[in-house]
Amino acid sequence: MTKGILVNYDFCTGCHSCEVACKKILNLPKGEYGIKVTEVGPFQYSDSGDLKGKWEWTYMPVITQACDMCESRTAEGKMPMCVQHCQAWAMYYGEASDLVAKMDGKNRWALITVKE
């Protein structure tokens with residue numbers, strides 16, 4: 001079965017804890033990341049209707065090609081480092097099908113898997 005990481009990016013605060021934890025466990029040099037928090041915004045979402053005056057400013061953790069979903073940790077039943085160290089509890093790890101079931105339609109979610 002395919003494993004994945006689910007991110008509730010309505011709750012990601014952009015604290016970069018996942019980045020730091022990942023860089024440490026993978027021993028990545030400066031400028032390389034296994035997961036990178038990107039920032040989208042701020043920009044005015046809409047100038048009309050109910051969304052007039054609303055602004056968008058989102059943080060989104062993006063998994064890079066260096067990510068192996070902490071293969072050695074997860075083989076021992078542990079969470080990937082990024083998930084364990086998420087300060088906002090906005091990240092989940094597990095079977096992709098189980099993670100899809102967690103998406104409630106009330107928040108914005110992103111499901112990420114890596115090539116096997």
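Note that this is a predicted model, so its numbers are computed, not measured.

(A) Expanded view of the sheet that holds strand β4 (residues 91-95). Strand order in the open sheet formed by three strands is β4-β1-β5, and the pairing between neighbours is antiparallel. The two strands at the open ends of the sheet, each matched to only one other strand, are β4 and β5 (109-113). Neighbouring strand axes in the sheet, compared pairwise and without regard to direction, differ in orientation by 25 degrees on average. Note that strand β1 (residues 3-8) and β5 share five bridges and pair antiparallel.

(B) Region of interest: the pattern of salt bridges. For the structure on display, the rule yields five salt bridges. Measuring nitrogen to oxygen at the nearest pair gives 2.6 Å for the salt bridge that ties E56 to R108. Note that E56 is positioned in strand β3 (residues 55-63) and R108 in the loop between α4 (96-102) and β5, a separation of 52 residues in sequence. Judged by relative accessible area, which is 15%, E56 ranks as buried. Look at R108 and you get partly exposed, because its relative accessible area is 33%. Between E76 and K78 there is a salt bridge, and its shortest N-O distance comes to 3.3 Å. Of the residues examined, E76 reaches a relative accessible area of 57% and is grouped as exposed. A relative accessible area of 41% means that K78 is categorised as partly exposed. If you follow the salt bridges from partner to partner, you end up with D10, E56 and R108 in one network.

Thresholds applied
Residues numbered from 1 in each chain as written. Predicted model: local features only at pLDDT ≥ 70, side-chain atom pairs only at ≥ 80, totals over all residues. Heavy atoms only, no water. Pairing = 2+ DSSP bridges. Helix = DSSP H or I, 4+ residues; strand = E, 2+ residues; numbered from the N terminus. Axes fitted to C-alpha atoms, helices over the stretch in contact; angles between N-to-C directions. Salt bridge = Lys/Arg side-chain N within 4 Å of Asp/Glu carboxyl O. Buried < 20%, exposed > 50% of the residue type's maximum accessible area, 1.4 Å probe, protein only.

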